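Listed here are the chains, written in short residue letters.
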Amino acid sequence: MDLKKGEFLYEGKAKKIWASENKGRYIIEYKDDLTAFNAEKKATMEGKGALNNAISAYLLGYLNSKGVPTHFLEAVDERHQIVKAVKIVPLEVVLRNITTGSLCRRLGVEESLQLPRPLVEFYLKDDALGDPLVTEDHALLFGWATREELDTMKVLTLKVNDLLRELFEKHGIVLVDFKLEFGRTEEGELVVADEISPDTCRFWDRSTGDRLDKDRFRKDLGDVLGAYREIWRRLSTEEA
Ligand code: UDP
């Protein structure tokens, strides 16, 4: 598919989005910018956009192939993807298999605990408010999502976890937690949108415990790009 960029729609922290000549399709560009702590910490790393484009295309394509609907259609070059046009639900859905990050800071629970089952949380997508944790009742009462949409998002997020945990396990990587966004297509279908990449997931090497994700940037662990490259190397290498 060879679509031309149409009207510029939106610039986020890590991506830009354009309309296209096809009403039902958007074009996404993955940027080299990296942000953390609600954009208080920023950097640009040459090659990060291309890596996340490749990783995200692979993972979203994998989910499509396993029956989880996503907005992803095609990666067209190093930085660009064609996706279904969606209206984004203003909630971030976070799934955690192991405790870390904001969960430990907020609740004072121990780090690196394996949870007996996956924990699913909703956050309001609002930079000015720092993406606060919200309850399902908040989402319902303020009209951010319907009961049916919340239920579908939870079911799909758990399915994504099952599929990606198994996939990463084969590559010697533990899927610690991740964030999903959802969008409504023109046909009214709720699909996984945005990206799935080391910017939006935590990946730990199974044998060394090395952090292979944005925590390298958040915590100044060094060689951020090397970690992203390693994720892509393992995903794009034939399984053993
Ligand atoms: N996450 C994300 N975008 C956000 C917040 C979180 O992609 O705006 C991801 C993050 O990379 C991690 C998971 O969601 O994989 C849980 O993040 P957490 O709430 O622990 O946030 P943090 O510690 O980064 O503040």
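Criteria and cut-off values
- Residues numbered from 1 in each chain as written.
- Predicted model: local features only at pLDDT ≥ 70, side-chain atom pairs only at ≥ 80, totals over all residues.
- Heavy atoms only, no water.
- Helix = DSSP H or I, 4+ residues; strand = E, 2+ residues; numbered from the N terminus.
- Rg over C-alpha atoms; globule rule 2.2 N^0.38 Å.
- Buried < 20%, exposed > 50% of the residue type's maximum accessible area, 1.4 Å probe, protein only.
- Contact = heavy atoms within 4.5 Å.
- Lys, Arg positive; Asp, Glu negative; His and termini not counted.
- Charge placed at Lys NZ, Arg CZ, Asp CG, Glu CD.
- Near = heavy atom within 4 Å.
- Polar contact = N/O pair within 3.5 Å; in protein donor to acceptor, adjacent residues only side chain to side chain.
- Areas by Shrake-Rupley, 256 points an atom, 1.4 Å probe, with all protein chains shown as cover.
- Nonpolar A, V, L, I, M, F, W, Y, C, P; charged D, E, K, R; others polar.
- Phe/Tyr/Trp six-rings, centres within 6.5 Å; stacked < 30°, edge-to-face > 60°.
- Salt bridge = Lys/Arg side-chain N within 4 Å of Asp/Glu carboxyl O.

Turning our eyes to something else, we now look at the overall build of the protein. In terms of helices and strands, the protein carries 6 helices and 13 strands. Computed over the C-alpha atoms, the radius of gyration of the protein is 17 Å, within 12% of the 18 Å expected from 2.2 N^0.38 for a compact globule of 240 residues. Once the C-alpha set of the protein is aligned to its principal axes, its extents read approximately 50 × 45 × 35 Å. Relative to its 240 residues, the protein shows a buried fraction of 50%. In the protein, once contacts between residues fewer than 6 apart in sequence are set aside, the share between residues at least 24 apart is 57%. Within the protein, one finds 37 positive and 44 negative side-chain charges whose respective centroids are separated by 1 Å.

Taken together, 17 residues are adjacent to the ligand, and R96, S102, R105, D177 and R202 come closest. In this structure, an oxygen atom belonging to the ligand sits 2.5 Å away from a side-chain N or O atom of S102. Within the contact set of the ligand, an oxygen atom lies 2.8 Å away from a side-chain nitrogen or oxygen of R105. Contact with the protein chains removes 83% of the 510 Å² of surface that the ligand exposes when unbound. Put simply, the parts of the chain that give the shell around the ligand at least two residues each are β8 (86-98), α2 (102-107), β11 (173-185) and β13 (201-205). In the shell around the ligand, the residues fall into 4 nonpolar, 4 polar and 9 charged.

Our focus in this paragraph is unusual backbone geometry. Despite not being glycine, A39 has its phi angle at roughly 70°, a positive value. You can see A39 is positioned in the loop between β4 (33-36) and β5 (41-44). Positive phi, normally seen in glycine, also occurs at D220, with a value near 55°. For D220, the location among the structural elements is in the loop between α5 (215-218) and α6 (224-236).

This part covers the packing of aromatic side chains. Each aromatic ring pair is characterised by the separation of its centres together with the angle its planes make. A full pass over the atoms with the stated rule returns 4 aromatic pairs. Between F8 and W18, the ring centres sit 5.5 Å apart and the planes meet at 65°, which makes this aromatic pair edge-to-face. Placement of F8 in strand β1 (residues 5-11) and of W18 in strand β2 (residues 15-20) is noted, with a sequence separation of 10 residues between them. The class of F8 is partly exposed, set by a relative accessible area of 41%. Residue W18 is classed as buried on the basis of its relative accessible area, which comes to 12%.

The subject of this paragraph is the pattern of salt bridges. In total, this model carries 26 salt bridges according to the counting rule given. One salt bridge connects E11 with K31, and the closest N-O pair in it is separated by 2.6 Å. Of the two residues, E11 sits in strand β1 while K31 sits in the loop between β3 (25-30) and β4, which places them 20 residues apart along the sequence. Judged by its relative accessible area of 42%, E11 falls in the partly exposed class.

Within the element layout of this structure, L60 appears in helix α1 (residues 48-65). In the structure, L60 is positioned 12 residues away from F72 in sequence and 6.1 Å away in space, judged by C-alpha atoms. Ignoring any residue separated from it by four or fewer positions in sequence, one finds L60 in contact with T70, H71, F72, Q81, V192, D194 and I196.

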